[in-house]
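Chain by chain, the residues run as shown.
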Amino acid sequence: MMGKSEIIITIIAFALSIFHLLISIFQFSGKGILINNAYLYASKKEKESMDKKPLYIQSGITFLLLSLVFSCVGIYILSGYMKLFLIIEFLLLLAILIYAIGSTIKMRERKKQ
């Protein structure tokens, strides 16, 4: 039997998962605010000339992976399979880190060409 605090944390985890999934969908569709550091920190002039499509895709993938992380948290709390979902969460977070760094480097190399 789950306690009240576990139920609340589970609801929050799934709500965050849905929230990140919605952001991911908007990013993939190229709608809404572009949530990407390269865009957010660019000057107004740079933003006007920037190819935003790869940035939207990068952000969409990142938010999709974050959605999966929060889903794992919710599933872990519901199921109690701590080790399995901790490993999956760790791998997803590692994938986010590797993807974010790798795709940023790849975009910079394309920009130089």
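Residues numbered from 1 in each chain as written. Predicted model: local features only at pLDDT ≥ 70, side-chain atom pairs only at ≥ 80, totals over all residues. Heavy atoms only, no water.

Points about the environment of Lys31
Reasoning step 1: Assignment of secondary structure puts Lys31 in the loop between helix H1 (4-29) and helix H2 (37-40).
Reasoning step 2: When the C-alpha positions of Lys31 and Met82 are compared, they lie 37 Å apart, and in sequence the two are 51 residues distant. (Helix = DSSP H or I, 4+ residues; strand = E, 2+ residues; numbered from the N terminus.)

Regarding the packing of aromatic side chains
Reasoning step 1: Applying the stated criterion across every chain, the model contains zero aromatic pairs.
Reasoning step 2: Between the NZ or CZ atom of Lys47 and the centre of the ring of Tyr39, over which it lies, the distance is 4.9 Å. (Phe/Tyr/Trp six-rings, centres within 6.5 Å; stacked < 30°, edge-to-face > 60°. Lys NZ or Arg CZ within 6 Å of the ring centre and 35° of its normal.)

Some details on a nonpolar patch on the surface
Reasoning step 1: Side chains of Ile18, Leu21, Leu22, Ile25, Phe26, Phe28, Ile57, Leu64 and Leu68 sit close together on the surface and give an oily, nonpolar patch of about 790 Å² of accessible area.
Reasoning step 2: At the level of secondary structure, the elements contributing two or more residues to the nonpolar patch comprise H1 and helix H4 (53-79).
Reasoning step 3: Ranked by residues supplied to the nonpolar patch, first place goes to H1 with six residues.
Reasoning step 4: Within the element layout of this structure, Leu68 appears in helix H4.
Reasoning step 5: Judged by its relative accessible area of 39%, Leu68 is partly exposed. (Patch = residues over 30% accessible without salt bridge, like charges linked within 9 Å, V, L, I, M, F, W, Y side chains within 5 Å. Areas by Shrake-Rupley, 256 points an atom, 1.4 Å probe, with all protein chains shown as cover. Salt bridge = Lys/Arg side-chain N within 4 Å of Asp/Glu carboxyl O. Buried < 20%, exposed > 50% of the residue type's maximum accessible area, 1.4 Å probe, protein only.)

Concerning the confidence of the model for the chain
Reasoning step 1: Averaged over all residues, the pLDDT of the chain is 90; the fraction at 70 or higher stands at 99%.
Reasoning step 2: Mean pLDDT in the chain bottoms out at helix H5 (residues 82-112), which sits at 86, and peaks at H1, which reaches 95. (pLDDT = per-residue confidence, 0-100.)

As for the packing of H1 against H4
In a packed pair of helices, the relevant descriptors are the angle between the two axes and the axis-to-axis distance.
Reasoning step 1: The N-to-C vectors of H1 and H4 enclose an angle of 165°; their axes lie 7 Å apart at closest approach. Regarding the angle of H1 to H4, the classification is roughly antiparallel. As for the relative orientation of H1 and H4, their crossing is left-handed in sense.
Reasoning step 2: For the contact of H1 with H4, the class distribution of residues is 18 nonpolar, 10 polar and one charged. (Axes fitted to C-alpha atoms, helices over the stretch in contact; angles between N-to-C directions. Parallel < 35°, antiparallel > 145°, perpendicular 65-115°, else oblique. Left-handed = near helix turned anticlockwise from the far one by under 90°. Nonpolar A, V, L, I, M, F, W, Y, C, P; charged D, E, K, R; others polar.)

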